[in-house]
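Each chain is listed here by its residues.
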Amino acid sequence: MTRLLCCADLHLGAGASMLPPGERLKDQEQVLDRIADLADEREVDAILIAGDVFHRPRPTPEELHVFRRFERRLDYLPILACNGNAGHDLEGDGRPSALELFANRHLAVHSAPGLWRHRESSDAPTVGTLPSVPIGRLVAALPDTSRDELYAMAAELLIGQAAELRSQGARILMAHWTVSGGITATGHPAGPDFGVVLPLAELQALGFDAVILGHLHAHQVLSEDPFIAYCSTPIAKDFGEEHGRHGIWILDIEGGATNREYIEIPSRPLVTLDVDFTDGYDFSMLLEGYEPFVSTIREGGIYRVRYTASEEQARRISQHEIRAALIAAGAAAVTFDPTILRATRARGEGITQAATLLDQVDLYLDANPLPDGRGERVRDLIRSLTTDRQGALL
């Protein structure tokens, strides 16, 4: 039996603005330490990392050091990592990725499709890889082809490459791509606007024992037989991932069977507090107004206060006092996401689909007068841009 620890989308360096400098990277380092602990505790034979190790193509020295410390702690284990997509592991200009700088005797880095075995033994399953690669060359070669057609062609080529890897003996596929049927961390289903999307049914038909995926940051199993699953990020990258599961897969491969276990990794919580002041909340009464929220604060959490207020209410809201109250209750950091309802609703009254641009400008300026005759000058400018020489509307 071969036991593999599988993870993806580490995104080292992400979320740096949510805490004082260096603190979020320390959170990520602790998660990597826990992954290394699990590798020891579960006595795994190898580690697979399915792309996006770094959050940006040019990581800081501190981010590079965190990954170097992780891979050196595990230097007794074979590790296979593949490049993630442009904007993270890749710069998109053909230069080597930061991840490739770490390639050594125990850490293999794949920047192109390939085969890998953690040991030279007949019972060691071969892993095939489909790293993320820019489709720029395809675009350059077919300049008159639509973007959707190019994406479909790229998906077909990638499925063909996966089939070739399978024919060469790969039993496990590790890839950093979108697969149909997948969803994002915020619940959006993969669709045509996602770029290159690999058809799930075609992946299922290739005959792999397991397919481990990176790229979509939501823990999800797309297929039980064969096993096809996304790992998710091991730590929430931002507030869009606050409700998801974060961890790693343990795969046991024996014969043609694959047993799997998902292990969640605890980390600092990200929590959104939704408050609608227009429903009667008044945070100027700090202790009274915050009692329902302060009592639920989780020690060390990062909080986002997402509130809705009128302009008048917003003037009475002290973000400084709100932050102080939440931090006193145990929050590590507080950020704000306000929606201010402007008192300009009248500007939309009377606008219909038949209204001209000038009609809409008139309605807006009636509701929001400009001083010193500037409103008339705006009207004259719009009129000149929207009529022809005979005065007819364009």
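Each value, and the rule that gives it
Residues numbered from 1 in each chain as written. Predicted model: local features only at pLDDT ≥ 70, side-chain atom pairs only at ≥ 80, totals over all residues. Heavy atoms only, no water. Axes fitted to C-alpha atoms, helices over the stretch in contact; angles between N-to-C directions. Helix = DSSP H or I, 4+ residues; strand = E, 2+ residues; numbered from the N terminus. Parallel < 35°, antiparallel > 145°, perpendicular 65-115°, else oblique. Contact = heavy atoms within 4.5 Å. Nonpolar A, V, L, I, M, F, W, Y, C, P; charged D, E, K, R; others polar. Disulfide = S-S within 2.5 Å. Buried < 20%, exposed > 50% of the residue type's maximum accessible area, 1.4 Å probe, protein only. Core = buried A, V, L, I, M, F, W, Y, C linked by side-chain atoms within 4.5 Å. Salt bridge = Lys/Arg side-chain N within 4 Å of Asp/Glu carboxyl O.

Quick look at the packing of helix 1 (residues 23–41) against helix 2 (residues 61–73) now. Running from N to C, helix 1 and helix 2 point in directions that differ by 10 degrees, and their axes come no closer than 10 Å. Here helix 1 is positioned roughly parallel relative to helix 2, judged by the angle of their axes. Contacts between helix 1 and helix 2 pair L25, E29, L32, D33, I35, A36, D37 and D40 from the former with E62, E63, V66, R69, F70 and R73 from the latter. In the contact of helix 1 with helix 2, the residues fall into six nonpolar, no polar and eight charged.

Moving on to the state of the cysteines. Taken as a whole and assessed by the stated rule, the structure comprises zero disulfides. Considering cysteine sulfurs only, C6 is the nearest to C231, which forms no disulfide, with 5.9 Å between them. Overall, C231 belongs to the buried group, its relative accessible area being 0%.

Counting residues in hydrophobic clusters, the biggest one holds 33 residues, and the most contacted among them are L5, I47, I49, F67 and I248. Elements supplying a minimum of two residues to this core: strand 1 (2–7), helix 1, strand 2 (46–49), helix 2, strand 3 (79–82), strand 4 (107–110) and strand 13 (247–254). If one sorts the elements of this core by residue count, helix 1 sits on top with seven residues. With 25 residues, the next largest nonpolar core counts A155, L158, L200 and I228 among its residues.

The final tally for this structure, using the stated rule, is 19 salt bridges. One salt bridge connects R3 with D252, and the closest N-O pair in it is separated by 2.7 Å. In this pair, R3 is assigned in strand 1 and D252 in strand 13, connecting sequence segments 249 residues apart. A salt bridge links E261 to R42; its shortest N-O distance comes to 2.6 Å. Separated by 219 residues along the polypeptide, E261 in strand 14 (residues 257–264) and R42 in the loop between helix 1 and strand 2 bring together distant segments of the chain. You can call E261 partly exposed: its relative accessible area is 35%. We classify R42 as partly exposed; its relative accessible area is 26%. What emerges from the salt-bridge pattern is a single network uniting E29, D33, D37, D40, R69 and R73.

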